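# Summary of structural features
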Amino acid sequence: MEFITVFTPAYNRCNLLKRVYKSLKRQTDKDFRWMVIDDGSTDGTGKYIASLMKKTNDFQIEYYYKPNGGLHTAYNEAIRHLQTELCMCCDSDDWLPDNCIEKIRKTWKKKGRKHLAGVIGLDCDAFGKIIGRRLPDKSVIDLNELFIRGKLHGDKKIAVRSELYQSIPPMKTCQGEKNFNPNYYNVAVSEHYKWIVLNENLCYVEYQKDGMSSRIYKQYADSPNSFMELRRLYLGLRKATFLFKCRHIIHYDAECLLAGRRKEIFGSASPDRVLCTLFYPAGLVYYAYIRSRCRKF
């Protein structure tokens, strides 16, 4: 069995998958398998991957098709099929440096332990510039603590123990919503496990205009129930500070209003009735702001 699965959720990104494939072909360490989760593509993605599977490759390719449901449902599907020790998402608009797998495998084989989640490294743009900032110069980090204290800047590349992803219940699918942020999995894992730091480039990133990183306010409006679930997770974190809670309570209140679930601000389903009530005016203002921003799209 290979050491790591690189999984790629894809929806009508056949043209970009070619770049992902080429970067995998160039890997100096071929101890991996590539899993493509086709989220209902209509651009020939299935035929393209089938053609690759017929070739003689240095690595195994897996392909799974599912009806379009959004990135989080592709994550759920990928996690269900994982068999390797570690796994890592490489989005369809990303690609890996030639020694990515080699770096991760050497780092994990040297420092990996059952009480650790996996390896976290850097994302860079196409020119090699770090997205955000470097990670702290420590051997291991508490990812949630950095997130809560606002010290995690920019997207990072994570290789996680597959069994930890599989131990978490799949992200909920809310009817008509496709924008449940899959970072839910990493936050849930990080409540119990720390990460090995690898302050090196593990992924090149090229954000697309139709990707999850763009149009965030439209995502709030289109998927308020999904974002409510994400806020519930954040608000229940063990090390959540008062300021962190206040910020996400405002988001939660606004998302309840967007979802037409106002009772869950003040009722027994509220994650914190006192704070939700106290910050309701701010949530109302933020709700109006989100609605105004969405009119631009």
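Everything that follows concerns the structure shown earlier in this document.
Residues numbered from 1 in each chain as written. Predicted model: local features only at pLDDT ≥ 70, side-chain atom pairs only at ≥ 80, totals over all residues. Heavy atoms only, no water.

### Focus on the overall build of the chain
Secondary structure summary: the chain contains 13 helices and 9 strands in total. The globule rule puts the C-alpha radius of gyration for 297 residues at 19 Å, and the 20 Å found for the chain is close to it. Projected onto its principal axes, the C-alpha positions of the chain cover 60 × 45 × 35 Å. For the chain, the distance from the average position of its 50 positive side-chain charges to the average position of its 33 negative side-chain charges is 3 Å. (Helix = DSSP H or I, 4+ residues; strand = E, 2+ residues; numbered from the N terminus. Rg over C-alpha atoms; globule rule 2.2 N^0.38 Å. Lys, Arg positive; Asp, Glu negative; His and termini not counted. Charge placed at Lys NZ, Arg CZ, Asp CG, Glu CD.)

### Section: the pattern of salt bridges
All chains considered together, the criterion is met by 24 salt bridges. One salt bridge in this structure joins Arg-80 and Glu-77, with 3.0 Å as the shortest N-O distance. Taken together, the positions of Arg-80 and Glu-77, both in helix H3 (residues 71–81) and 3 residues apart, correspond to about one turn of that helix. According to the relative accessible area criterion, Arg-80 is exposed, its value standing at 58%. Across the pair Glu-163 and Arg-161 runs a salt bridge whose closest N-O atoms are separated by 2.6 Å. (Salt bridge = Lys/Arg side-chain N within 4 Å of Asp/Glu carboxyl O. Buried < 20%, exposed > 50% of the residue type's maximum accessible area, 1.4 Å probe, protein only.)

### Here's the deal with the packing of helix H10 (residues 242–259) against helix H13 (residues 280–294)
Remark: H10 packs on H13, axes separated minimally by 8 Å, with the N-to-C direction vectors making an angle of 60°. If you check the angle between H10 and H13, you find them oblique. Regarding H10 and H13, the two cross each other, and that crossing is right-handed. Each of Ile-250, His-251, Asp-253, Ala-254, Leu-257 and Leu-258 in H10 lies in contact with H13, whose residues at this interface are Tyr-280, Ala-282, Gly-283, Leu-284, Tyr-286, Tyr-287, Ile-290 and Arg-291. Partitioned by chemical class, the residues of the contact of H10 with H13 number 10 nonpolar, 2 polar and 2 charged. (Axes fitted to C-alpha atoms, helices over the stretch in contact; angles between N-to-C directions. Parallel < 35°, antiparallel > 145°, perpendicular 65-115°, else oblique. Left-handed = near helix turned anticlockwise from the far one by under 90°. Contact = heavy atoms within 4.5 Å. Nonpolar A, V, L, I, M, F, W, Y, C, P; charged D, E, K, R; others polar.)

### Considering the nonpolar core
With 46 residues, the main nonpolar core has Ile-141, Val-160, Val-189, Trp-195 and Ile-290 as its most contacted residues. Among the elements that line this core, the one with the most residues is helix H7 (residues 183–190), at 5 residues. Not counting residues within four places of it along the chain, the set of residues in contact with Ile-141 comprises Ile-120, Leu-135, Pro-136, Leu-146, Lys-194, Trp-195 and Val-197. Grouped together as the second largest cluster of nonpolar side chains are 33 residues, Leu-17, Trp-34, Trp-108 and Leu-198 included. (Core = buried A, V, L, I, M, F, W, Y, C linked by side-chain atoms within 4.5 Å.)

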